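# Structural description and commentary
Single-letter residue listing:
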Amino acid sequence: MADTSSFDIIIIGSGPGGYVTAIRAAQLGFKTAIVERAYLGGICLNWGCIPTKALLRSAEIFHYFQHAKDYGLSASNVGFDPKAVVARSRAVSKRLNDGVGFLMKKNKVAVIWGEAALDAPGRVTVTPPNPQIKADPPKGALGPGGYSAKHIIVATGARPRVLPGLEPDGKLVWTYFEAMVAPAIPKSLLVIGSGAIGVEFASYYRAFGAEVTIVEVLPQILPVEDAEIAAFARKAFEKQGIKIFTGAKIAKLDRTADSVAATIDDGKGGTQTLTFERVISAVGVVGNTENLGLEKTRGESRAQRHRG
Ligand SMILES: Cc1cc2nc3c(=O)[nH]c(=O)nc-3n(C[C@H](O)[C@H](O)[C@H](O)COP(=O)(O)OP(=O)(O)OC[C@H]3O[C@@H](n4cnc5c(N)ncnc54)[C@H](O)[C@@H]3O)c2cc1C
């Protein structure tokens, strides 16, 4: 019987970093396994790049319908159904998620379903995934247990950064997870942070009619982009009716049952308090490096190096 517990290479995490590596490793002749605890394809295919582009495509088409006249066309009674928009986005993600399963099978990469931690050099223990994550393992996946490999690659990705006072609560203050599947468009929305994730959601919700405000602590929106591009994007967003504060921060959020009062410090000595139906916290991501057992290997994270 084939040995299904020892491999040449085990990859932890099946996002674009992990699954592409797994395919290449298998193509090069290594006996390869990939461990995943939630969704094949990782954040990108399931909660990031792909579903956001699907949402934005619906927003774009809606925008075209509203401006049909500009193209010599006519469209009347144009409407939208947020639930159907989200359902389409989830279906696109599901298709790609299934596609990764197919690619693993085609390339003979074993999928191990569960949460991986390093035990010792060359040893990985996989425990059952968090039951709150409702995702089915792909057919034929291996389960929890002890596995060994000559090489282990950590590709565990990242999750939303949480800042004190701005903690997401899943209802009023969202991360990209809740923002991706909202069944309704809030009347007013505060987006904290104007990186790619923040401005994408700002643009999506504005297209469907939300009054959107972005607050960015740095002097320009899209802080890691070129200043010229950021200025151009800002103009375009403001033309769409998005209100933007830069060099400003949220001093506090006061949550009630169905709204959030945000005190905005404009960075010039002034503050104002505005009320929003929903808030998206898009203040960056942090790496999934905890509880991985990195300390039991010769590897170290940058955080450990800085501490040590
Ligand atoms: C809303 C949003 C929009 C984005 N849009 C774009 C875009 O348009 N273009 C772009 O280039 N990038 C975009 N990104 C960023 C992109 O999603 C990431 O750069 C990419 O997903 C990183 O890939 P990864 O393989 O490193 O990690 P991830 O995709 O995060 O995958 C890591 C995987 O590891 C698994 N995992 C973690 N720990 C364990 C463990 N202990 N055991 C088992 N499994 C584990 C996780 O469940 C996850 O599936 C976006 C991100 C977000 C949130």
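Residues numbered from 1 in each chain as written. Predicted model: local features only at pLDDT ≥ 70, side-chain atom pairs only at ≥ 80, totals over all residues. Heavy atoms only, no water.

## Structural notes on the overall build of the protein
- Check the secondary structure of the protein and you find eight helices and 16 strands.
- Structurally, the protein occupies a C-alpha span of about 65 × 55 × 40 Å along its principal axes.
- Taken across its 308 residues, the protein has 40% of its residues classed as buried.
- A sequence separation of at least 24 residues applies to 65% of the contacts in the protein between residues at least 6 apart.
- Working note: accessible area of the protein is about 16700 Å², and carbon and sulfur atoms make up 57% of it.
- The averaged location of the 28 negative side-chain charges in the protein is 5 Å from the averaged location of its 37 positive side-chain charges. (Helix = DSSP H or I, 4+ residues; strand = E, 2+ residues; numbered from the N terminus. Buried < 20%, exposed > 50% of the residue type's maximum accessible area, 1.4 Å probe, protein only. Contact = heavy atoms within 4.5 Å. Areas by Shrake-Rupley, 256 points an atom, 1.4 Å probe, with all protein chains shown as cover. Lys, Arg positive; Asp, Glu negative; His and termini not counted. Charge placed at Lys NZ, Arg CZ, Asp CG, Glu CD.)

## Remarks on the sheet that holds strand E2 (residues 32-36)
- The strand order E3-E2-E1-E6-E5-E4 describes an open sheet built from six strands, whose pairing is mixed. Pairing within the sheet leaves two strands with one partner each, and these edge strands are strand E3 (110-113) and strand E4 (115-120). Each neighbouring strand pair of the sheet contributes to a mean axis angle of 45 degrees, computed without reference to strand direction.
- Bridge analysis of E2 against E3 gives four bridges, and the strand direction is parallel. Residue pairing for E3: Ala33 is matched across the bridge by Ala110.
- Docked against the sheet, helix H1 (residues 16-27) engages strand E1 (6-12), E2 and strand E6 (145-154), running at close to 165 degrees with respect to E2. (Pairing = 2+ DSSP bridges. Axes fitted to C-alpha atoms, helices over the stretch in contact; angles between N-to-C directions.)

## Focus on the state of the cysteines
- Applying the stated criterion to the full structure yields one disulfide.
- With a sulfur-sulfur separation of 2.2 Å, Cys44 is cross-linked through a disulfide to Cys49. On the sign convention where negative is left-handed, the bridge of Cys44 and Cys49, at about -125 degrees about the S-S bond, is left-handed. (Disulfide = S-S within 2.5 Å.)

## Focus on the pairing of E1
- For E1, the buried fraction is high: six of the seven residues fall into the buried class.
- Where E1 lies against E2, four bridges are found, and the strand directions are parallel. Bridging from a neighbouring strand, Ile12 pairs with Val35 of E2.
- On the question of chirality, the crossover connecting E1 to the parallel E2 by way of H1 is right-handed. (Right-handed = clockwise from strand over helix to strand, strands pointing away.)

## Let's talk about the domain arrangement of the protein
- Each assigned domain of the protein is listed with its residue range as follows: domain 1 (6-45 + 86-157 + 288-307) and domain 2 (160-285).
- Taking only C-alpha atoms, the centre of domain 1 and the centre of domain 2 are 32 Å apart. (Domains from an automatic or database assignment.)

## Examining the pattern of salt bridges
- Scanning the model with the defined rule gives nine salt bridges in all.
- Across the pair Glu115 and Arg37 runs a salt bridge, and its minimum N-O distance is 3.0 Å. Of this pair, Glu115 sits in strand E4 while Arg37 sits in the loop between E2 and helix H2 (42-47), and the two are 78 residues apart along the sequence.
- On the basis of relative accessible area, Glu115 is assigned to the partly exposed category, the value being 27%.
- Owing to a relative accessible area of 35%, Arg37 belongs among the partly exposed residues under this scheme.
- Close ionic contact of Arg234 with Glu238 constitutes a salt bridge, the shortest N to O distance being 3.1 Å. Remark: Glu238 and Arg234 occur in helix H7 (residues 227-239); sequence separation between them is four residues, near one turn of the helix. (Salt bridge = Lys/Arg side-chain N within 4 Å of Asp/Glu carboxyl O.)

## Notes on the site of the ligand
- With respect to spatial proximity, 30 residues lie near the ligand, and among them Gly17, Glu36, Ile43, Lys53 and Ala116 are the closest.
- One of the backbone N or O atoms of Pro16 is found 3.2 Å from an oxygen atom in the ligand.
- Ile43 is positioned with one of its backbone polar atoms (N or O) 2.9 Å from an oxygen atom of the ligand.
- When the ligand is considered free in solution it has 1000 Å² of accessible area, and contact with the protein chains removes 75% of it.
- Elements with a minimum of two residues in the shell around the ligand: H1, E2, H2, helix H3 (49-66) and E4.
- When the residues that make up the shell around the ligand are grouped by side-chain class, the tally is 15 nonpolar, eleven polar and four charged. (Near = heavy atom within 4 Å. Polar contact = N/O pair within 3.5 Å; in protein donor to acceptor, adjacent residues only side chain to side chain. Nonpolar A, V, L, I, M, F, W, Y, C, P; charged D, E, K, R; others polar.)

## Notes on the environment of Ala251
- As for its placement among the helices and strands, Ala251 is situated in strand E12 (residues 249-255).
- When the C-alpha atoms of Ala251 and Asp119 are compared, they prove to be 43 Å apart, with 132 residues separating the residues in sequence.
- Setting aside residues up to four positions removed in sequence, Ala251 forms contacts with Thr263 and Asp265.

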